[in-house]
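Observations on chain architecture
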Amino acid sequence: MKKSIILALATLPLFITACSTPKPPQAFHGTDSNAVVIKSVDGRTSELILPTPTGPEANTKVMGKVSAISGPKTAVVILENYNEEKVGDVFRDRSTPWFIGLRTLGYDHVVFLQGNGTDSPEGLATIARYD
């Protein structure tokens, strides 16, 4: 009797995970109208979209401009030219400097979105959300 219960409990995780399907990407809908929005073109170049748009610049220059902004506690980073099916090394390489820099500046909420060539974050697929 005990062996059958142990065997059933041991196989339970297999049944649960075997039938699960991956969660589809969630579309982003901004609720903070004061959020800072950054478009990351690649690992070295980005541009500030909101509150004051800039042209493409080095990430360090954009981070300097973000540090001068006071008030918002939400940052949205749009990762252009990002095509990983699952979060992997490319995401970690591109997002880690942004995440650390934005958290250091006091941003409580950091959202990473998959870009599609637009400047608006509304409706873009959410890659990761850190609250």
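Residues numbered from 1 in each chain as written. Predicted model: local features only at pLDDT ≥ 70, side-chain atom pairs only at ≥ 80, totals over all residues. Heavy atoms only, no water.

Attention shifts here to the pairing of strand β4 (residues 74-79). Within β4, six of the six residues are buried, leaving the element largely enclosed by the surrounding structure. The two faces of β4 match: Thr74, Val76 and Ile78 on one face and Ala75, Val77 and Leu79 on the other face are all buried. Pairing between strand β1 (residues 36-40) and β4: five bridges, direction parallel. When the bridges of β4 are listed, lysine 39 appears paired with isoleucine 78. Examined bridge by bridge, β4 and strand β5 (residues 109-114) share six bridges and lie parallel to one another. When the bridges of β5 are listed, leucine 79 appears paired with glutamine 114. Regarding the hand of the β-α-β motif, the stretch spanning β4, helix α3 (residues 89-104) and β5 is right-handed. (Buried < 20%, exposed > 50% of the residue type's maximum accessible area, 1.4 Å probe, protein only. Helix = DSSP H or I, 4+ residues; strand = E, 2+ residues; numbered from the N terminus. Pairing = 2+ DSSP bridges. Right-handed = clockwise from strand over helix to strand, strands pointing away.)

Per-residue confidence for the chain gives a mean pLDDT of 82, with 80% of residues at or over 70. Confidence scores differ between elements of the chain, with helix α1 (residues 2-18) showing the lowest mean pLDDT of 54 and strand β3 (residues 57-58) the highest of 94. A low-confidence stretch, residues 17-21 (pLDDT under 50), is modelled with zero contacts involving residues beyond four sequence positions or located in other chains. (pLDDT = per-residue confidence, 0-100. Contact = heavy atoms within 4.5 Å.)

With that settled, consider the packing of aromatic side chains. For the structure shown, the criterion picks out four aromatic pairs. Between the aromatic rings of phenylalanine 99 and tyrosine 130, the centroid separation amounts to 4.8 Å while the plane-to-plane angle is 55 degrees, which identifies the pairing as tilted. Separated by 31 residues along the polypeptide, phenylalanine 99 in helix α3 and tyrosine 130 in strand β6 (residues 125-130) bring together distant segments of the chain. For phenylalanine 99, a relative accessible area of 27% gives the class partly exposed. Between phenylalanine 112 and tyrosine 130, the aromatic rings sit 6.1 Å apart at their centres with planes inclined by 80 degrees, giving edge-to-face as the arrangement. Pair noted here: phenylalanine 112 is in strand β5 and tyrosine 130 is in strand β6, with a separation of 18 residues, a long-range link. (Phe/Tyr/Trp six-rings, centres within 6.5 Å; stacked < 30°, edge-to-face > 60°.)

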